[in-house]
Amino acid sequence: MYELREFDIRDKEQIVKLWVDVSVKEHDFKEWEEEISMLNESEYEKILVAECNGEIVGSMAYKKVNDETVELKRVYIYPEHRGNGLATKLLNATLNMIKENKYKKILVETWENFISGRRFYEKNNFVLQNIEGEVYNFILEL
């Protein structure tokens with residue numbers, strides 16, 4: 001049903017739509033819309049997309065923090081594609097890429113109101129490192 005693959009520049013329109021739909025429309029982060037719409041793909045070491053019937057329905061990216069650490073970014077899935085293991089498939093594929101590149105730590109931040117996101121990271125062995133205001137910072141040591 002889902003095909004996971006690396007982002008291609010031809011995906012730009014669909015990936016921007018996904019990111020805007022989930023972060024801006026669903027979660028009301030209007031201040032992110034301009035940044036997302038510009039999509040500076042060089043900011044990310046890798047962007048993985050999930051396709052269903054030719055449409056991008058999910059993504060997960062990571063960027064290098066230092067020689068040992070990466071940060072997960074742009075973990076977005078359309079609501080109608082949640083709850084069926086897609087996020088876990090994206091995470092496992094992303095973890096494999098990260099391990100192949102010999103990184104030792106993964107950081108991820110999520111927001112206080114993203115309860116399902118916090119549960120997802122905890123379920124997948126990420127440890128809550130700290131809370132800064134509404135931002136929850138998690139770490140996974142590989």
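Residues numbered from 1 in each chain as written. Predicted model: local features only at pLDDT ≥ 70, side-chain atom pairs only at ≥ 80, totals over all residues. Heavy atoms only, no water.

**Q** Would you take a moment to explain the side chain of aspartate 11 for this structure?
**A** Residue position: aspartate 11 is located in the loop between strand 1 (3–6) and helix 1 (12–26). Since its relative accessible area comes to 7%, aspartate 11 is described here as buried. Here arginine 5 takes part through its side chain, which lies 2.7 Å from a polar atom of the side chain of aspartate 11. (Helix = DSSP H or I, 4+ residues; strand = E, 2+ residues; numbered from the N terminus. Buried < 20%, exposed > 50% of the residue type's maximum accessible area, 1.4 Å probe, protein only. Polar contact = N/O pair within 3.5 Å; in protein donor to acceptor, adjacent residues only side chain to side chain.)

**Q** Is there a simple way to explain the nonpolar core in this structure?
**A** Ile15, Leu18, Ile47, Leu72, Ile106 and Phe126 are the most contacted members of the largest nonpolar core, which totals 40 residues. Contributions of two or more residues to this core are made by helix 1, strand 2 (46–52), strand 3 (55–64), strand 4 (69–77), helix 3 (86–100), strand 5 (105–111), helix 4 (115–123) and strand 7 (135–141). With seven residues, helix 1 is the single largest residue contributor to this core. (Core = buried A, V, L, I, M, F, W, Y, C linked by side-chain atoms within 4.5 Å.)

**Q** Help me out: how do you make sense of the packing of aromatic side chains in this one?
**A** The geometry of two aromatic rings is summed up by the distance between their centres and the angle between their planes. Applying the stated criterion across every chain yields a total of six aromatic pairs. Ring centres of tryptophan 19 and tyrosine 44 lie 5.9 Å apart, and the angle between their planes is 70 degrees; this geometry places the pair in the edge-to-face category. With tryptophan 19 in helix 1 and tyrosine 44 in the loop between helix 2 (33–38) and strand 2, the pair connects residues that are 25 residues apart, well separated along the chain. Note on accessibility: tryptophan 19 and tyrosine 44 belong to one class, buried. (Phe/Tyr/Trp six-rings, centres within 6.5 Å; stacked < 30°, edge-to-face > 60°.)

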